[in-house]
Amino acid sequence: MAGETVITVVGNLVDDPELRFTPAGAAVAKFRIASTPRRFNKTTNEWEDGDALFLTCSVWRQAAENVAESLARGVRVIVQGRLKQRSYEDGQGVKRTVYELDVDEVGPTLARATVKVTKNAQGGGQQQGAPQNGDPWAGARPANSQQQSGGWGNSQQQSAPQGAGHSDEPPF
C-alpha cells in the first residue's frame, strides 16, 4: 500500500516461531529477530558488534505454518515486510512505543547454511497444480508450452531448433 514503510532485515531468530490460529482459523506466526551490525575497528584491528535491533515479526496464513515448521531459534533469516509503530500503556501507566514488522517474505539466508526447498501440496501456498512426472514446478507453468515465448522456464521449448544457441538452463 502507498505510504507504508517496507524494509528488509537480515538477522537471527531470537526464539522459535510461535504459531497460533485466529477464531476464524487463519494461521499467524510470531517471531523475533535480532539484527546486529558489525564494524571493523582499524585501531584495534578487530571486528566489533554494534547495538542490536530487535524486531517482533508477524506472518500470516500458509506462510505462518511454513515458518513454524521450517525455522527455529538461531537460524539466520532475511525478512521483508511493512514496518508498523504501535503505542500502548504498560502496567505502571508508562506510555511505550514498539516497532513491529508485518512480514511479506521470509527465508533462511544461504551465506552459511544450506536448505532443501519443498513446495506445499496443492491448495497451500501459491502452487497451482500437483507435480507432474516428478517435476515440482510443472503446476506453475502454463499447460500449453507454446503459450510461453522463449525464456528458460519452458522445458519443452519448440520455437528454437536444436543447436541454435538456445538453452533451457537458467541464465545464471
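Up top is the structure these notes are about.
Residues numbered from 1 in each chain as written. Predicted model: local features only at pLDDT ≥ 70, side-chain atom pairs only at ≥ 80, totals over all residues. Heavy atoms only, no water.

Q: So what exactly am I meant to see when it comes to the overall build of the protein here?
A: Regarding its fold elements, the protein presents 1 helix and 8 strands. Element order for the protein, N to C, with α for helix and β for strand: β-β-β-β-β-β-α-β-β. Here the protein holds 172 residues, and the buried ones make up 20% of them. In the protein, once contacts between residues fewer than 6 apart in sequence are set aside, the share between residues at least 24 apart is 49%. Entry remark: accessible area of the protein is about 12,700 Å², with carbon and sulfur atoms responsible for 47%. (Helix = DSSP H or I, 4+ residues; strand = E, 2+ residues; numbered from the N terminus. Buried < 20%, exposed > 50% of the residue type's maximum accessible area, 1.4 Å probe, protein only. Contact = heavy atoms within 4.5 Å. Areas by Shrake-Rupley, 256 points an atom, 1.4 Å probe, with all protein chains shown as cover.)

Q: Hey, could you run me through the pattern of salt bridges in this one?
A: As a working rule, side chains carrying opposite charge can pair if their charged atoms are close by. Tallied over the full model, the rule gives 7 salt bridges. The residue Arg32 makes a salt bridge to Asp15 at a minimum N-O spacing of 3.8 Å. Of this pair, Arg32 sits in strand E3 (residues 27-35) while Asp15 is found in the loop between strand E1 (5-13) and strand E2 (18-21), placing the two residues 17 residues apart along the sequence. For Glu18, the salt bridge identified is with Arg20, shortest N-O distance 2.5 Å. Under the relative-accessibility criterion, Arg20 is labelled exposed at 53%. (Salt bridge = Lys/Arg side-chain N within 4 Å of Asp/Glu carboxyl O.)

Q: How should I be thinking about the pairing of strand E6 (residues 53-60) in this particular structure?
A: Look at any regular strand and the pattern is simple: side chains alternate between the two faces of the sheet. Taken together, the 8 bridges between E3 and E6 define a ladder with antiparallel strand orientation. The partner of Ala34 across the bridge, within E6, is Phe54. As defined by bridge partners, E6 adjoins strand E8 (residues 95-108) across 3 bridges and the pair is classed as parallel. Within the sheet, the bridge partner assigned to Cys57 lies in E8 and is Leu101. (Pairing = 2+ DSSP bridges.)

Q: Quick question: what am I supposed to make of the pairing of E3 here?
A: Most of E3 sits inside the fold, with 7 of its 9 residues counted as buried. Here E1 runs beside E3; their pairing, made up of 2 bridges, is antiparallel. In the sheet register, Leu13 faces E3, and the bridge partner there is Ile33. From the end of E2 to the start of E3, which pair antiparallel, there are 5 residues, and Gly25 there has a positive phi angle of about 100°.

Q: Please explain the packing of aromatic side chains as it appears in this structure.
A: In this description, an aromatic ring pair is defined by two values, namely the gap between the centres and the angle between the planes. Under the defined criterion, the tally for this structure stands at 1 aromatic pair. Relative to Trp47, the ring of Phe40 lies with its centre 5.4 Å away and its plane at 65°, an arrangement referred to as edge-to-face. Using a relative accessible area of 38% as the deciding quantity, one classes Phe40 as partly exposed. (Phe/Tyr/Trp six-rings, centres within 6.5 Å; stacked < 30°, edge-to-face > 60°.)

Q: Looking at this structure, how should I read the nonpolar core?
A: Ranked by internal contacts, the top residues of the largest apolar core, which has 16 residues, are Phe31, Ile33, Cys57, Val59 and Val79. The set of elements that each furnish at least two residues to this core consists of E1, E3, E6, helix H1 (61-70), strand E7 (76-89) and E8. The biggest single contributor to this core is E3, with 4 residues. In this view, Val79 contacts Ile7, Thr8, Val9, Phe31, Ile33, Cys57, Leu101, Val103, Glu105 and Val106; residues no more than four positions away in its chain are not counted. (Core = buried A, V, L, I, M, F, W, Y, C linked by side-chain atoms within 4.5 Å.)

Q: For this particular structure, what's the right way to read unusual backbone geometry?
A: Most peptide bonds are trans, and most residues other than glycine sit at a negative phi. Positive phi outside glycine occurs at Asn45, with the angle close to 60°. Mapped onto the elements of the fold, Asn45 is located in the loop between strand E4 (38-41) and strand E5 (46-49). A positive phi is found at Arg61, a non-glycine position, where the angle reads about 60°. Considering the arrangement of structural elements, one finds Arg61 in helix H1.

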